[in-house]
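One letter stands for each residue in the lines below.
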Amino acid sequence: ELKNIPNHLFEIKSYIRKRFFNCAIIYTLFLFSTYHPFSFVLMLIISLEYISNMYSDYESKELMQAYFESYDFDFKLKSATTFFNIIFVPVYLLYSFQNYDKLDFLVLFILVLNLFLIERIIFKYKKYANLKRSNHLFVSDILMMTLKSMLVFPVLLNLSDNKLTCQKNIDNYVRNKES
């Protein structure tokens, strides 16, 4: 069981429970990719699809109401990025030991991973609708989010506006309990 993952990270917990073998393989590939900066960045780009799929399924309205009555959207973003950074600490350490002279790729990796994760969560709750079961992204959408995350400024410029849009959508969705 996944008792070490908190319940408020239900998307991640559900994804790992359903696809444990895939997650274990991807994580192992991350560990093996740390020997060279190119393989490390390539593995990041490949794995962003898996990270994106964690946030593709929509939850029931009842779960959303219960979650957002207890937590706010900023907490969701902070807890998800904190969880991923803690999970990747061994990968970061292994990369820094093997490539101590090329730590700029590690900084790029951490920055892109965090920005992509924030952007994907924002995208999910910006488009949230309880009538659909999921919101899977096309490869072109994932590549566009990745490019924006690598460029940093496009994500940072739109971050506050998109967070406000998400918060309004969530507030409208959680407060509208009759439908």
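Rules used in this analysis
Residues numbered from 1 in each chain as written. Predicted model: local features only at pLDDT ≥ 70, side-chain atom pairs only at ≥ 80, totals over all residues. Heavy atoms only, no water. Phe/Tyr/Trp six-rings, centres within 6.5 Å; stacked < 30°, edge-to-face > 60°. Buried < 20%, exposed > 50% of the residue type's maximum accessible area, 1.4 Å probe, protein only. Helix = DSSP H or I, 4+ residues; strand = E, 2+ residues; numbered from the N terminus. Contact = heavy atoms within 4.5 Å. Axes fitted to C-alpha atoms, helices over the stretch in contact; angles between N-to-C directions. Salt bridge = Lys/Arg side-chain N within 4 Å of Asp/Glu carboxyl O.

K.L.:
What's the story with the packing of aromatic side chains in this structure? I'm lost.
P.N.:
Both the distance between ring centres and the angle between the ring planes are used here to describe each pair of aromatic rings. Summed over all chains, the structure comprises 16 aromatic pairs. Here Tyr 67 and Tyr 71 contribute two aromatic rings whose centre-to-centre distance is 5.1 Å and whose plane-to-plane angle is 40°, an arrangement assigned as tilted. For Tyr 71, a relative accessible area of 32% puts it in the partly exposed group. Ring geometry for Tyr 92 versus Phe 109: centroids 6.0 Å apart, planes at 80°, classification edge-to-face. Here Tyr 92 is found in helix α6 (residues 89–98), whereas its partner Phe 109 is found in helix α7 (residues 103–126), with 17 residues between them in sequence.

K.L.:
Where do I start with the side chain of Thr 81 in this structure?
P.N.:
Residue position: Thr 81 is located in helix α5 (residues 73–87). Dropping the residues within four chain positions of it, Thr 81 is found in contact with Asn 114, Leu 117 and Ile 118.

K.L.:
Explain the packing of helix α1 (residues 10–18) against helix α3 (residues 37–54) here, please?
P.N.:
The relative placement of two packed helices comes down to the angle between their axes together with the axis-to-axis distance. The interhelical angle for the contact between α1 and α3, taken along N-to-C directions, is 115°, at an axis separation of 9 Å. Across the interface between the two elements, Glu 11, Ile 12 and Tyr 15 from α1 touch Tyr 50, Asn 53 and Met 54 from α3.

K.L.:
Help me understand the pattern of salt bridges in this model?
P.N.:
What the rule picks out here adds up to four salt bridges. In this structure, Lys 76 and Glu 11 form a salt bridge, with 2.8 Å as the shortest nitrogen-oxygen distance. You can see Lys 76 sitting in helix α5 and its partner Glu 11 sitting in helix α1, a full 65 residues away along the chain. Residue class for Lys 76 comes out buried when judged on its relative accessible area of 3%. With a relative accessible area of 4%, Glu 11 lands in the buried category.

So yeah, pure geometry; function would need other evidence.
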